[in-house]
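Inside the fold
Below are the chains, spelled out letter by letter.
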Amino acid sequence: MRRQRMGAYAGRLAVVLGAAVLMGASVQAQRGTQDGEWPDFAGNREGMKYSPLDQIAKDNVDDVEVAWRWPTADRELQASNPAWRGGRYEDTPLMFNGMLYTVTPLGLIAALDPASGETLWVHDPRAYGAGRPANVGFLHRGLAYWTDGTEERLLLGTNDARLLSIDARTGEPDPAFGVDGKVDIMVDIRDAVRGTNFAARRSLIAGDVVVVGTAIADGFRTREMPPGDVQAYNVRTGEKLWTFHTIPREYEAGYETWLDGSAEYTGNANVWNGMAYDPELDYVYLPTSTPTHNEYGGNRPGDNLYAESLVCVDARTGERIWHFQAVHHGVWDYDFPTRPILADITVDGRPIKAVIQVSKQAFTYVFDRATGEPVWPIEERPVPQSTVPGERTAPTQPFPTRPPAFDLQGTTEDNLLDFTPELRQRALAQLRQFEYGPLFTPPSEKGTIFLPGLLGGANWGGAGFDPETSVLYVPSRTEPTMYRLLPGNPNQTNLGYVQDRGRGIRESMTLDGLPLFKPPYSRMTAIDMSRGEILWTSPLGNGPRNHPLLQGLDLPPLGNQAMTTSVLVTKSLVFGTMTKGRTPDRWGDPEADRQLLYAFDKADGSLLRTFLLDGRSAAAPMTYLHEGKQYVVVATGGGETAELVALSLP
């Protein structure tokens, strides 16, 4: 297995943070969901998406109803300017000290009454003035919260590449932080252009250090893009403390894995969906993405550290402690899209403080979070090689031996749909028009269909962990992607090859809209993390059972073709959310164009209830207790339909 590790430094670089830092760290460590609060995007600093609340339970979930709705504070803004419209509402709110906090698609921060959804204050940073950000446009996926026991701050990475600190009680910018409550994170970043290819993402609190990653455009026309540097600041002053270069500099370890000087111009390899922090070790865990560009690596030969890796760094200095690269020289867009989970598990009688990382490939990687040693062996195995001129894919890729994959892997003939022999033969004929094969079959000029596709497997909705049972709950999607590479036009790009984004590619992977591969097309999987075994799998939704090709067949729920999926775990239930896929429904599906919330029995995965919510979004739900009542809150819709929906018992 290709992995480098550095032991804990005996002579760490000393950074004097003082008594105030220690006090801030200890207060942060005490906050979590145990008191019915939700002070972190994923509930607690460990990233578990777990709450011990059990008021809403198996025997009363059918009685749950809408308690209140909150139309986002930026609806009028979106309506006022066509350039600002269409942002999806994908925030997961925070709740602490009797206040609920959210950030809207355009980046407005609002404080609400948790019982009624009444607006208490709104702060508008006006980041949308920099223009529509790259990739997914106007959206935010979470605030960070810091307190030292007296002061309370909300921190937001903005679409105009700034880090913002707001007083959580008043909604006013913190005058002691940076300049007027902001710091510019774009300073000294190569090739960065504000509002075009570089934006801040959800920050992480590590004691009195705030760490922020980036979202960098991946619609590539050139081999030059900004690198995904991770930067850390003093949470009180905004003073910059350190930078971790996910694409190493010449004087740093890992630079030798970028051949032909490609580290000097290649970009991306960013941390866009959150990090994890262990206050006892004082380590931060960084999941990184694919380097420029996603489908062709001929312009960046080598293994390309630290792209598509889990990197552990010292929270005080940014020094690398250990790393694991999940994809060598990635050409599938198999970035790590989910926040790591810190969990205490027991394996073969041995207690382990673990870090768990689920992936687009449908793997669950599990490491000792102090040393980076795999809990179960991870094997380097030979994989198919590229035939594209100039491309040099890695001869092997790492495969975890436990737990088993939680979703379908590989576009093999065994994985084709088999509802009837006739449908299977049609699917086989369709598949044979393209390149196909096991996991890590590379893109080609003919066109390669691969599974899981570029959106996973698991995606940014991540997984949830129950610390009482050591069970991991992973929502995922089963949808292939087809990459067909074309020679780059030298009048338009300096990339050797580019992705064919022509019409008909999506249709090539279906039979009249019916997926080529076996269902369920989205699912929830429960994994026993003490044994590394799957306990159960349940479909998310009924899926295309009304499709004309399936008429007359007695089929179980097939799972919907999802855009994204998310999870919330409580003491009594596991909730899964999903948004239907991009294609319009043509077969009378009542769940089409809706956001769906499912409640499952944790013991066996049986579906207890489906909630049909208005609007399409992809937000992860959260829960809290306020004045003796448990609420489940989820963001839905986008643009002029964006709103928070709160559910509770009557």
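Rules of the game
Along each chain, the written sequence defines residue order, and numbers are assigned to residues from 1. In keeping with the predicted nature of the model, local features appear solely for residues at pLDDT of at least 70, side-chain atom pairs appear and are counted solely at 80 or more, and the whole-chain, interface and lining totals rest on all residues. Working from all heavy atoms in the structure, the side-chain values ignore hydrogens and water. Pairing of aromatic side chains requires ring centres within 6.5 Å, counting the rings of Phe and Tyr and the six-membered ring of Trp. Pairs whose planes differ by under 30 degrees are stacked, by over 60 edge-to-face, and all others tilted. The way it works is that DSSP assigns letters per residue, a run of H or I at least four long becomes a helix, a run of E at least two long becomes a strand, and they are numbered from the N terminus. Exposure classes here rest on a 1.4 Å probe applied to the protein chains alone. A residue is buried below 20% of its type maximum, exposed above 50%, and partly exposed in between. In this scheme, Lys NZ or Arg CZ marks a charge over a ring once it lies within 6 Å of the ring centre and within 35 degrees of the ring normal. The score called pLDDT rates the predictor's confidence residue by residue, from a low of 0 to a high of 100. By definition, residues are in contact when any of their heavy atoms lie within 4.5 Å. Here a strand pair is declared whenever DSSP counts at least two bridges between the two strands. Identification of polar contacts relies on pairs of N or O atoms within 3.5 Å, with a donor-acceptor requirement for protein atoms, meaning one able to donate a hydrogen and the other able to accept it, and with residues adjacent in sequence counted only if both atoms are side-chain atoms. As used in this record, nonpolar core signifies buried Ala, Val, Leu, Ile, Met, Phe, Trp, Tyr and Cys residues forming a set joined through side-chain atoms within 4.5 Å. Orientation is described by axes fitted as lines to C-alpha atoms, over the contacting stretch for helices, and by angles from 0 to 180 degrees between their N-to-C directions.

**Focus: the packing of aromatic side chains**
The tally for this structure, following the rule as stated, stands at 23 aromatic pairs. Between the aromatic rings of F336 and Y365, the centroid separation amounts to 5.7 Å while the plane-to-plane angle is 80°, which identifies the pairing as edge-to-face. Taken together, the residues F336 in the loop between strand 18 (320-325) and strand 19 (341-347) and Y365 in strand 21 (residues 364-368) connect sequence positions 29 residues apart. Among the residues examined, Y365 registers a relative accessible area of 0% and is labelled buried. Measuring from centroid to centroid gives 5.8 Å for F363 and Y365, while their planes differ by 70°, and the two rings are edge-to-face. One exposure class covers both F363 and Y365, and it is buried. Positioned above the aromatic ring of W460 is the side chain of R141, whose terminal nitrogen or guanidinium carbon lies 4.0 Å from the ring centre. The aromatic ring of Y265 is capped on one face by R223, whose charged end is 3.7 Å from the ring centroid.

**What about the confidence of the model for the chain?**
Summarising the model, the chain shows a mean pLDDT of 91, and 92% of its residues fall at 70 or more. This stretch, residues 1-29, has a pLDDT under 50; its non-local contacts, to residues over four places away or in other chains, come to 60 contacts.

**Section: the pairing of strand 7 (residues 144-147)**
Judged by which residues are buried, strand 7 turns out to be covered on both faces: A144 and W146 on one side and Y145 and T147 on the other are all buried. Across four bridges, the pairing between strand 7 and strand 8 (residues 152-157) is antiparallel. Bridging from a neighbouring strand, A144 pairs with L155 of strand 8. The antiparallel pairing of strand 7 with strand 8 creates a hairpin that spans four residues between the two strands, and G149 there sits at a positive phi of about 100°.

**What about the pairing of strand 13 (residues 230-234)?**
For strand 13, the buried fraction is high: five of the five residues fall into the buried class. Neither face of strand 13 is left uncovered, since the one carrying V230, A232 and N234 and the one carrying Q231 and Y233 both have all their residues buried. Of the pairings in the sheet, the one linking strand 12 (residues 209-216) to strand 13 comprises four bridges and is antiparallel in character. Across the sheet, residue V209 finds its bridge partner in strand 13, namely N234. Of the pairings in the sheet, the one linking strand 13 to strand 14 (residues 240-244) comprises four bridges and is antiparallel in character. What sits directly across from A232, in strand 14, is W242. Hairpin connection between strand 13 and strand 14: a loop of five residues separates the two successive antiparallel strands, and G238 in this loop has a positive phi of roughly 85°.

**Let's talk about the environment of H547**
Relative to the helices and strands, H547 resides in the loop between strand 33 (533-539) and strand 34 (562-570). Looking at H547, the relative accessible area reads 2%, which means it is buried. Taking the C-alpha atoms as reference points, H547 and Y50, 497 residues apart in sequence, are found 37 Å from one another. Looking at H547, its side chain comes within polar contact range of the main-chain nitrogen of L549, at 3.0 Å.

**Regarding the nonpolar core**
Ranked by size, the top nonpolar core spans 36 residues in total, and within it I345, F465, L472, Y473 and M529 carry the most contacts. Those elements that provide at least two residues to this core are strand 19, strand 20 (350-358), strand 26 (471-477), strand 32 (522-528), strand 34, strand 35 (573-580) and strand 36 (595-601). Beyond its immediate stretch of four places on either side in the chain, Y473 contacts A463, G464, D466, M524, T525, A526, W536, V567, V569, V574 and K602. By size, the runner-up hydrophobic cluster in this structure holds 32 residues, among which are W38, V64, V632 and A646.

**Some points on the sheet that holds strand 5 (residues 109-112)**
Read across the sheet, four strands follow the order 3-4-5-6 without closing on themselves; strand pairing throughout is antiparallel. The open sheet has two edge strands, strand 3 (94-96) and strand 6 (119-123), and neither has a second partner. Between one strand and the next, the sheet's axes are offset by a mean angle of 20°, whatever the strand orientation. Sheet topology places strand 3 next to strand 4 (residues 99-103); three bridges connect them, and they run antiparallel. Following the sheet pairing, F96 is matched in strand 4 by M99.

**Here's the deal with the environment of L486**
Considering the arrangement of structural elements, one finds L486 in strand 28 (residues 485-487). When sequence neighbours within four positions are dropped, the list of residues in contact with L486 reads G496, Y497, V498 and D500.

**With respect to the sheet that holds strand 18**
Where strands meet in a sheet, backbone hydrogen bonds hold them as pairs that are either parallel or antiparallel. The four strands lie next to each other as 15-16-17-18, forming an open sheet whose pairing is antiparallel. The open sheet has two free edges, formed respectively by strand 15 (276-278) and strand 18, since each of these has just one partner strand. Within this sheet the neighbouring strands show an average axis-to-axis angle of 15°, counted without direction. The pairing of strand 17 (residues 309-314) with strand 18 spans five bridges and is classified as antiparallel. What sits directly across from C312, in strand 18, is W322.

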